[in-house]
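Summary of structural features
Residues per chain are reported as follows:
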Number of protein chains: 2
Amino acid sequence: MERQTVYDITIKLLEARKFQELKAILQEMNPADIAGIFEEAEEKDILLLYRLLPKELASETFAYIDSEQQEKLIMAFSDKEIRDVLDELFLDDTVAIIEEMPANVVSRILRNADSETRDKINELLHYPKDSAGSIMTPEYVYLDKGMTVKQSFEKIRKVGVVKETIYTCYVTEQRKLVGVVSILDLLTADPETHIADIMETNVISVGTHEDKETVAALFSKYDMLAIPVVDGENRIVGIVTVDDAIDVMQEETTEDIEKMAALVPSDKPYFRTGIFETFKKRIPWLMLLMISATFTGIIITSFEEKLSSMVVLTAFIPMLMDTGGNAGSQASVTVIRGLSVGDIRIKDIFRILWKEFRVSILCGVALAAANIVKMLLVDRLLLNNSDVTATVAVVVSLTLVVAVFAAKLIGCTLPILAKKIGFDPAVMASPFITTLVDALSLIAYFQIASAFLIV
Amino acid sequence: MERQTVYDITIKLLEARKFQELKAILQEMNPADIAGIFEEAEEKDILLLYRLLPKELASETFAYIDSEQQEKLIMAFSDKEIRDVLDELFLDDTVAIIEEMPANVVSRILRNADSETRDKINELLHYPKDSAGSIMTPEYVYLDKGMTVKQSFEKIRKVGVVKETIYTCYVTEQRKLVGVVSILDLLTADPETHIADIMETNVISVGTHEDKETVAALFSKYDMLAIPVVDGENRIVGIVTVDDAIDVMQEETTEDIEKMAALVPSDKPYFRTGIFETFKKRIPWLMLLMISATFTGIIITSFEEKLSSMVVLTAFIPMLMDTGGNAGSQASVTVIRGLSVGDIRIKDIFRILWKEFRVSILCGVALAAANIVKMLLVDRLLLNNSDVTATVAVVVSLTLVVAVFAAKLIGCTLPILAKKIGFDPAVMASPFITTLVDALSLIAYFQIASAFLIV
């Protein structure tokens, strides 16, 4: 609420061209909040707005604004402004920006970088997409094993300001990572102590080609602020910081959720994905699931003769399908999320089956009981549908029990099996399971109907 | 892989009672990894395993093991062991543990805490569930505005070791929060400088009653390592650290995913939720959605007469329902996630409708074309079903276009409307939308069929 008021005021000042007042307000604001004003501002005003900011604040703000506006700004910037931004940004942020930009913008950026920065950027761009190397920054503090605490502080004072974090320092011996030491350890140690004597040697590190999702998971497991990245010979080449790990976690969650909803995952925000691109993310699963519904069609067709003499049965097909689908998606999504946060492991499958077995009986019986009452009171009495007999109500309710039972067991099993054979469990969410459960429920429905009703 | 090998070796040593070797290995391990061994160990061995650890490592490990085992350990501990753990744990971790424990365990813990700790624990337990106060720790470093840098370092050296983070120090004046200063600022400043001259006064803080989800979102927005929590008079009472914010993010995501899958959210892991409790989380939505399927029943019943003369139409009902449901859930889940990560705002609704409108036409037409081919080649020719005429194929395909169109537009609109009126958009995911789209598609199906087929 309060933040929105500040936005409104700044936008009004901008539109009224009251630059002095605006400047005074902006100077007191946080870069992330100023980025929010850029989002609200009109396109023609963003360069103007940017130029109202003091140099350092401007560059910090640049890292927070969205990539569409970053692109526009870079194309409008003077060469000096580009250099100022590059000086101020951490290298991993620069690389993240470059990865989102079209080629002409990238070349403008690289042309203005000094040769050392350009080399480092190119090196980072070289790591595979989604690897630890692609999200790390080479800006960390390293100390030599033989240094004293006093020498270490001198080094930190000298180089610390341009490093992304100084809170953990990495100890190297012939460029190999041999330990870590925290600022707190340094502060509480005697100035003449050698680093080798106070460093922690049990270092958690990752390789440059490690999947960034695995790296992010280490942060939540070990509660770290940064993790060192090493090459094949255990030489430290960079660090991944916790703020980037948080971004990765959010991206990965989005990907999981998309897979569960039968979407091909996209790594671009909604409005940056074109119509045809969006279509391509959605059509594969829609098509596959539509074609696989041929089976339900075949099942119904084979009972067509019986159905034509008992059309009342048709009225409950959608309800049976939807309930089965919902019951299955409850189980599968629970298991998929449990696998992804580590509450559930592959070897738990029998415990899960036993639990879902009992839950499905409870759910099935409760739904069946409610359904009998509902069919006899609402469908038969209230809606006056004399075809809905007690026997029909029993047939539908028995099918419900079977459908819920099958849905829960299939729903909890498939994600675990997928994980076991190395597939992503998230694909085994509702849409896939619905198709299977639909077919099973229909077979049960017609078999039960044949047994109970003389058709 | 490697980590699993270490687990296997330690478990084997434990079972073979080779305590000396086991002890040597454990000492070199990280507490989070040792906690993994506890998960694999047999219940009768966990106290034994715990007692093999050096005191400090034991307490650190305790914070990482799961609550079921923590409970067993506390009941098996000597009073001294409980005190050792309490001494070592950060207060917010202690509070998090206490919140999971039954009353008899809680009283054992509180009985062994010294009176100061007990008061602080009680104070923290007093904050509302899900508030900033409930996840904060009172263990932060605060400095007085008038201190010099040199005095500040003396204070940090003295108290730092028992504080959860020293990397950001909070500056107070008459207990009110007036600024922050980072360790890096202190290190690079002259020792005689006053804190007031180097502190950052634009402080981002939250109130004790702020929702913890909002607090977590601030971390990813501002890239912070800790955020100060203040009372109604702007007096700092604690800090929330980034590791706890990550846990909150994960919990909130799980909650969103559960809501999308028609589950009542649970805050307990899968295996800690009892059968009846799981049933209660699942039955409300299943019941509601089942009852709401009465509408699809009514629609089918009202076309019963026509259906009985064209039973072939029944065979395609499940396919139409499922495709509509899938198309709707694609749109709704995309919008729900976009809203939650901030890519999409309420005011974007018309941009979204326009985009989904075009995407739905593309998807609908592609599916319809594929369906005509499939019905004529597979259903008519291959499966030899002479009831599937070209006209029937056209009727089904036209319905597909309408169903996908309705599903996409409803799917993208409902979550935004929900947010607009203050509901959680996540509830407007596939199950809810499926029920609506089912009814609309059936009406379209029968209207189109009546128009094209003389029935």
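Within each chain, residues carry numbers counting from 1 in the order of the written sequence. Chains and ligands are labelled sequentially in the order written, the chains with letters from A and the ligands with numbers from 1. In keeping with the predicted nature of the model, local features appear solely for residues at pLDDT of at least 70, side-chain atom pairs appear and are counted solely at 80 or more, and the whole-chain, interface and lining totals rest on all residues.

Further remarks concern the overall build of chain A. Assigned secondary structure in chain A consists of 23 helices and 6 strands. Whereas a compact globule of 455 residues would reach a radius of gyration of roughly 23 Å, chain A reaches 31 Å, over 25% beyond that. Along the first, second and third principal axes, the C-alpha set of chain A runs to 90 × 60 × 40 Å. Here the contact rule is simple: place C-beta atoms from the backbone, and any two residues whose C-beta atoms are within 7 Å are in contact. Once local pairs closer than 6 in sequence are excluded, the contacts in chain A between residues at least 24 apart make up 71%. By definition, any uninterrupted DSSP run of H or I lasting at least four residues is a helix, any uninterrupted run of E lasting at least two residues is a strand, and each is numbered from the N terminus. Only the C-alpha atoms count toward the radius of gyration. The rule for a globule is 2.2 Å times the residue count to the power 0.38.

A separate point is the interface of chain B and chain A. On the side of chain A, 98 residues touch chain B, which itself brings 98 residues to the contact. When residues of the side of chain B that touches chain A are assigned to their parent elements, the largest contribution, 15 residues, is made by helix α20 (residues 317-341) of chain B.

Here the focus is the nonpolar core. To define a nonpolar core, we join buried Ala, Val, Leu, Ile, Met, Phe, Trp, Tyr and Cys residues through C-beta atoms within 7 Å and take the resulting set. The burial label depends on the number of other C-beta atoms within 10 Å of a residue's C-beta. Counts of 20 or more mean buried, 12 or fewer mean exposed, and intermediate counts mean partly exposed, with C-beta atoms placed from the backbone. Membership of the largest hydrophobic core comes to 134 residues, with the highest contact counts inside it found for A:Ala403, A:Val404, B:Ala403 and B:Val404. Setting aside anything within four residues of it in sequence, one finds A:Val404 in contact with A:Thr323, A:Gly324, A:Ala327, A:Ser360, A:Cys363, A:Gly364 and A:Leu367. By size, the runner-up hydrophobic cluster in this structure holds 74 residues, among which are A:Val180, A:Leu186, A:Leu225 and B:Val149.

The next subject is the relation of the copies chain B and chain A. The two copies are related by a screw operation: chain B maps onto chain A through 180 degrees of rotation and 0.0 Å of translation along the axis, at an RMSD of 0.2 Å. Here the transformation between the copies is reduced to the relation of a two-fold axis. In terms of C-alpha distance to the rotation axis, chain B has B:Ser308 as its closest residue, with the C-alpha 2.5 Å off the axis. For this overlay, a least-squares fit was computed on C-alpha atoms, restricted to residues scoring pLDDT of at least 70 in both copies.

Okay, unusual backbone geometry next. Leaving glycine aside, a negative phi is the common case for residues, and trans is the common case for peptide bonds. All names here are of chain B. A positive phi angle, near 50 degrees, is found at Asp 223, a position not held by glycine. Topologically, Asp 223 is positioned in the loop between α15 (212-222) and β5 (226-230). Even without being a glycine, Asn 384 presents a positive backbone phi close to 60 degrees. Topologically, Asn 384 is positioned in the loop between α21 (349-382) and α22 (390-420).

Strand-to-strand pairing in sheets goes through backbone hydrogen bonds, with the strands running parallel or antiparallel. Residues and elements named next belong to chain B. Strands qualify as paired when DSSP identifies two bridges or more between them. The strand order across the open sheet formed by 3 strands is β1-β2-β3, and the pairing between neighbours is mixed. Strands at the two margins of the open sheet, each flanked by one partner only, are β1 (140-144) and β3 (176-182). Adjacent strand axes in the sheet meet at a mean angle of 40 degrees when their direction is disregarded. Summarising the sheet, strand β2 (residues 165-173) and β3 pair through 6 bridges and their orientation is antiparallel. From the neighbouring strand, Val 171 faces β3, where its bridge partner is Gly 179. To define axes, lines are fitted to C-alpha atoms, for helices over the stretch in contact only, and angles between the resulting N-to-C directions are given on a 0 to 180 degree scale.

Our next topic: the sheet that holds strand β3 (residues 176-182) of chain A. Residues and elements named next belong to chain A. Across the sheet, 3 strands lie side by side as β1-β2-β3; this open sheet has mixed pairing. Looking along the sheet, the strands with just one partner apiece sit at the ends: β1 (140-144) and β3. Ignoring strand direction, the axes of neighbouring strands in this sheet form an average angle of 40 degrees. Along the sheet, helix α12 (residues 149-159) makes contact with β1 and β2 (165-173), crossing β1 at roughly 155 degrees.

With that out of the way, let us pick up the domain arrangement of chain A. A domain assignment, automatic or from a database, supplies the domain bounds used here. Segmentation of chain A into domains returns domain 1 (2-130), domain 2 (135-241) and domain 3 (293-452). For domain 2 of chain A versus domain 3 of chain A, the distance between C-alpha centres works out to 54 Å.

With that settled, the discussion passes to the environment of B:Glu277. Residues and elements named next belong to chain B. Summarising the element assignment, Glu 277 is placed in helix α17 (residues 275-292). Since 13 C-beta atoms lie within 10 Å of it, Glu 277 is described here as partly exposed. Separated by 198 residues in the primary sequence, Glu 277 and Asp 79 place their C-alpha atoms 34 Å from one another.

Residues and elements named next belong to chain A. Where burial is concerned, most of strand β6 (residues 236-241) is hidden: 6 out of the 6 residues are buried. Looking at chain direction, strand β5 (residues 226-230) and β6 are connected through 5 bridges and run antiparallel. Its bridge partner lying in β6, Pro 228 is registered against Ile 239.

What follows deals with the confidence of the model for chain A. Averaged over all residues, the pLDDT of chain A is 86; the fraction at 70 or higher stands at 98%. As a predicted assembly, this complex carries a pTM of 0.78 together with an ipTM value of 0.77. A score between 0 and 100, pLDDT records how confident the predictor is in each residue.

We now examine the pairing of β1(A). Residue and element names in this part refer to chain A. One ladder, built from 4 bridges, connects β1 with β2; its direction is parallel. Of the residues in β2, the one forming a bridge with Tyr 142 is Tyr 170. Chirality of the crossover, the property in question, places the unit of β1, α12 and β2 among those that are right-handed. Note on handedness: a clockwise path from strand one over the helix to strand two, with the strands aimed away from the viewer, defines a right-handed crossover.

With that settled, the discussion passes to the packing of helix α21 (residues 349-382) of chain A against helix α22 (residues 390-420) of chain A. Residues and elements named next belong to chain A. Interhelical geometry of α21 versus α22 gives an angle of 155 degrees and a closest axis separation of 8 Å. Our classification of the angle between α21 and α22 gives roughly antiparallel. For the crossing formed where α21 meets α22, the hand is right-handed. Residue classes follow a fixed rule: Ala, Val, Leu, Ile, Met, Phe, Trp, Tyr, Cys and Pro count as nonpolar, while Asp, Glu, Lys and Arg count as charged, and any other residue, Gly among them, counts as polar. The residue makeup of the contact of α21 with α22, split by class, is 24 nonpolar, 5 polar and 2 charged. Put simply, angles under 35 degrees are roughly parallel, angles over 145 are roughly antiparallel, angles from 65 to 115 are roughly perpendicular, and the rest are oblique. Two helices cross in a left-handed way if the nearer one is turned anticlockwise from the farther one by less than a right angle. They cross in a right-handed way if the turn is clockwise.

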